[in-house]
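# Working through the structure, step by step
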Amino acid sequence: MELRQLQSLMAVVEYKSFSKAAEKLFISQPTISTHIRMLEEELNSRLIIRTTKSIEVTMHGRELYECAHQIFSLKDNLVQRWAEENKKIIRVGASTIPADYILPEVLPVFRKHEPDIKFYIHQNDSQNIISGLLNGNFSLGMVGMKQQEKMISFVPFYQDEMVMITPKKERFLNINKDSFSLKDIIFNEPIILREQGSGSKKSIETYFEKMNINEEDLQIIARLNDQESIKKLVASGLGISFISEKAVEDSAKEKLLVFKLPNYSTKRNLYFAYRKDYILQEHIVRFIKFVQDFYAIFRD
């Protein structure tokens, strides 16, 4: 099986035509046909059913197409990453808290020490960042949860905590922050939560389990993937929420009430994540060490 054969298969599937595939790849149509036939013979499976008017991709053909797409994606990412290594570029996939609150805090300071290092930053939830690392889309991840993923290393750099936020309304202002019943509040208030796949959502799910609280019994009115939007909706009086304490260190406290959650700890680590089979370049190692040292100040 050769890359050029897979490339021919991909073109036929995408353009639904042998002639168009040949035109796009700048090769002859008989060559395209030969590539497909060789794949079918090697795999002992029919991949493309060709008639005089159309083509049909078989189930095995579709499956091989998806595998080929991943192979070429990995190849392209590898070439790009190797090219970027010489330019000292760090491609970072960051979940919401690192992207919105950690990186804006550390990058200006880091850049004063390392002005020649450039960053390409992509924001998504933790689950998608980990998937991106596995697919070779990023050289480094910054995520809010640790998974049992044998191909990924997780290194902590910051300890965060989940808190409850409410609007500044009289019924919440009268709550004793040192002693209150969480269940009396959350079973009687509309709730805004993070989306599935985020580290924050995973942390609050674990807390609810410890408290014997079932999400199905709650009045969940919205799920969002943006902490800033959640804070604005809570401040407007739409409901209450549970978010990262890091997200309410700023001026949001002027419009919100913040409550430590009772009974069980909601502390969690934020992690650097990277592929175990990816040898970290020296400038990436320096960035990891800088961030760990930066937040060690606040842990002491």
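On a plain count of helices and strands, the chain comes out with 11 helices and 11 strands. What you see for the chain is a C-alpha radius of gyration of 25 Å, clearly larger than the 19 Å of a compact globule of 300 residues, by over 25%. Considering only C-alpha atoms, the chain reaches an extent of 80 × 50 × 30 Å along its principal axes. Looking at the chain as a whole, 48% of its 300 residues are labelled buried. For the chain, the share of sequence-separated contacts (at least 6 apart) that also reach a separation of at least 24 residues comes to 74%. Summed over all atoms, the accessible surface of the chain reaches about 16,100 Å², with 49% contributed by carbon and sulfur. Looking at the chain, you have 42 positive and 40 negative side-chain charges, and the mean spots of the two groups are 3 Å apart.

Let us now look at unusual backbone geometry. With a phi angle near 60°, Phe 26 is a residue other than glycine that sits in the positive phi range. Looking at where Phe 26 falls in the secondary structure, it is placed in the loop between helix H2 (18–25) and helix H3 (29–43). Its identity as a non-glycine residue notwithstanding, Asn 263 has a phi of 80°, on the positive side. Counting through the fold element by element, Asn 263 comes out in the loop between strand E10 (256–260) and strand E11 (267–275).

Once that is clear, we can look at the nonpolar core. Residues Met 142, Phe 157, Ile 165 and Phe 287 are the most contacted members of the largest nonpolar core, which totals 41 residues. Counting residues per element, this core draws most heavily on helix H5 (residues 96–113), at 8 residues. Of all hydrophobic cores here, the second largest spans 21 residues; its members include Met 164, Phe 180, Ile 191 and Phe 259.

Before going further, it helps to examine the side chain of Glu 195. Along the chain, the position of Glu 195 falls in the loop between strand E7 (190–194) and helix H9 (199–210). On the basis of relative accessible area, Glu 195 is assigned to the buried category, the value being 15%. At a separation of 3.1 Å, a polar atom in the side chain of Glu 195 contacts the side chain of Arg 194. Excluding residues within four positions of it along the chain, Glu 195 makes contact with Asp 125, Lys 201, Leu 224 and Asn 225.

A few words on the pattern of salt bridges. According to the stated counting rule, one finds 18 salt bridges in the structure shown. In this structure, Glu 114 and Arg 286 form a salt bridge, with 2.7 Å as the shortest nitrogen-oxygen distance. Of this pair, Glu 114 sits in the loop between H5 and strand E4 (118–123) while Arg 286 is found in helix H11 (residues 282–299), placing the two residues 172 residues apart along the sequence. Residue Arg 286 is classed as partly exposed on the basis of its relative accessible area of 27%. A salt bridge links Arg 275 to Asp 277, with the shortest nitrogen-to-oxygen separation between them at 2.8 Å.

A separate point is the pairing of E4. Bridge count for strand E3 (residues 89–94) against E4 is 6 bridges, and the pairing is parallel. Paired with Gly 93 across the strands is His 122, a residue of E4. Each parallel crossover has a hand, and for E3 linked through H5 to E4 it is right-handed.

With that out of the way, let us pick up helix H6 (residues 126–134). Burial in H6 covers these residues: Ser 126, Ile 129, Ile 130, Gly 132 and Leu 133. Viewed along the axis of H6, the buried residues span an arc of 155°, placing them on a single side of the element. Close packing links the buried residues of H6 with E3, E4, strand E5 (140–143), strand E6 (152–167), H9 and E11. A side-chain oxygen of the first residue of H6 lies 3.1 Å from the backbone nitrogen of Gln 127; this N-cap is Asp 125. Downstream of H6 by a residue or two, Gly 136 has a phi angle that is positive, lying close to 80°.

Conventions used here
Residues numbered from 1 in each chain as written. Predicted model: local features only at pLDDT ≥ 70, side-chain atom pairs only at ≥ 80, totals over all residues. Heavy atoms only, no water. Helix = DSSP H or I, 4+ residues; strand = E, 2+ residues; numbered from the N terminus. Rg over C-alpha atoms; globule rule 2.2 N^0.38 Å. Buried < 20%, exposed > 50% of the residue type's maximum accessible area, 1.4 Å probe, protein only. Contact = heavy atoms within 4.5 Å. Areas by Shrake-Rupley, 256 points an atom, 1.4 Å probe, with all protein chains shown as cover. Lys, Arg positive; Asp, Glu negative; His and termini not counted. Charge placed at Lys NZ, Arg CZ, Asp CG, Glu CD. Core = buried A, V, L, I, M, F, W, Y, C linked by side-chain atoms within 4.5 Å. Polar contact = N/O pair within 3.5 Å; in protein donor to acceptor, adjacent residues only side chain to side chain. Salt bridge = Lys/Arg side-chain N within 4 Å of Asp/Glu carboxyl O. Pairing = 2+ DSSP bridges. Right-handed = clockwise from strand over helix to strand, strands pointing away. Arc of directions from axis to C-beta.

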